Amino acid sequence: MNRLRSYKIFIDGAEAGSVSNGSSEELIVAPGDHKIQCRLSWYYSPQFDVSSRQDEIIYLRTRSSLRLYWPLYFLLIAGLLIGFFLKKSFTDYRPVWLIWAQFATILPFVLYMLYYLTLGRKNYLMIEEDKENVFAS
């Protein structure tokens, strides 16, 4: 998701930089407590609190919180293809079970996307400490 767009990074409410997919960015801040947030269009992450000391390096990772996207995407495709492939089998009428099968496979994807377009836009991105970074010791 979002491979072609950059995340804007905000530190204490002010834009501090941006980071593209698969890249890293080094930002220097004064020692103390800071609130970090990432934004992408009108989607954003909850604020992440960081306490830094003098000469301390903290590694953070940001990612999309869409975890069920691909399984639900395949359900959407299956729901659309059910009607397409069975169209020739049922030329006179469409059975009720076929309509319900399409509805049951398409609806989860639609609801999932609607959630992230409305209420979930505030949790679309996630910031977490990157403990697996090769430079973190």
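Just so it is clear, the model here is predicted, and its values are computed rather than measured.

Asker: Looking at this model, I keep getting lost on the overall build of the chain. Mind explaining?
Answerer: Per the secondary structure count, the chain includes 2 helices and 7 strands. Its helices and strands taken in sequence order, the chain reads β-β-β-β-β-β-α-α-β from the N to the C terminus. The C-alpha radius of gyration computed for the chain amounts to 22 Å, which surpasses the reference 14 Å derived for 137 residues by more than 25%, pointing to a less compact arrangement than a globule. Its C-alpha atoms give the chain principal-axis dimensions of about 75 × 30 × 20 Å. With 137 residues in all, the chain has 28% of them scored as buried. Sequence separation of 24 or more characterises 59% of the internal contacts of the chain that already satisfy a separation of 6 or more. Carbon and sulfur atoms provide 60% of the accessible area of the chain, an area that totals close to 10000 Å². Side-chain charges of the chain comprise 15 positive and 13 negative groups, with the mean position of each set lying 15 Å from the other.

Asker: What is the right way to look at the side chain of Ser 52 in this model?
Answerer: As for its position among the elements, Ser 52 is in strand 5 (residues 48-52). Ser 52 sits in the buried class, given a relative accessible area of 12%.

Asker: Just checking my understanding: could you explain helix 2 (residues 96-117) for this structure?
Answerer: Given 3.6 residues per turn, any residue in an α-helix points the same way as the ones three and four places further on. Between the first and last C-alpha of helix 2 there are 31 Å, a value that for 22 residues agrees with the 32 Å anticipated at 1.5 Å per step. Largest kink in helix 2: about 30 degrees, centred on Ile 106, with the proline Pro 108 one to four residues after it. For helix 2, the complete set of buried residues consists of Leu 98, Gln 102, Thr 105, Phe 109, Tyr 112, Met 113 and Tyr 116. Close packing links the buried residues of helix 2 with strand 4 (43-44) and helix 1 (69-85).

Asker: Is there a simple way to think about the packing of aromatic side chains in this case?
Answerer: Geometry of an aromatic ring pair is reported as the spacing of the ring centres plus the angle between the planes. For the coordinates displayed, the defined rule picks out 13 aromatic pairs. Here the aromatic rings of Tyr 116 and Tyr 124 are separated by 6.1 Å at their centres, their planes lie at 75 degrees, and the arrangement is edge-to-face. Accessibility expressed as a relative area gives 10% for Tyr 116, which makes it buried. Given a relative accessible area of 5%, Tyr 124 falls into the buried group. Site record: aromatic cluster; members linked through ring pairs are Trp 42, Tyr 43, Tyr 112, Tyr 115, Tyr 116 and Tyr 124.

What counts and how
Counting restarts for each chain: residues are numbered from 1 in the order of the written sequence. Given that this is a predicted model, residues contribute local features only at a pLDDT of at least 70 and side-chain atom pairs are listed and counted only at 80 or more, while totals for whole chains, interfaces and linings are drawn from all residues. To get the side-chain values, all heavy atoms of the structure are used, and hydrogens and water are removed first. What counts as a helix is a DSSP run of H or I of at least four residues, what counts as a strand is a run of E of at least two, and both are numbered from the N terminus. Our radius of gyration is a C-alpha quantity, and the globule rule it is checked against amounts to 2.2 Å times the number of residues to the power 0.38. Accessibility here uses a 1.4 Å probe with only protein chains present; expressed as a share of the type maximum, an area under 20% marks a residue as buried, one over 50% as exposed, and anything in between as partly exposed. Contact between two residues is taken to exist if any of their heavy atoms lie within 4.5 Å; hydrogens are not considered. Accessibility throughout is a Shrake-Rupley quantity obtained with a 1.4 Å probe, and a residue counts as covered only by protein chains that appear here. Lys and Arg are tallied as positive, Asp and Glu as negative. Neither His nor the chain termini are counted. Throughout, a charge is located at the NZ atom of Lys, the CZ atom of Arg, the CG atom of Asp or the CD atom of Glu. Working rule for helices: expected span equals 1.5 Å times residues minus one. Fitting axes to the seven residues that end at a residue and to the seven that start at it, the angle between those axes gives the bend at that residue. Centres within 6.5 Å are what make two rings of Phe, Tyr or Trp a pair, Trp counting through its six-membered ring; a difference in plane orientation under 30 degrees is then read as stacked, over 60 as edge-to-face, and the rest as tilted.

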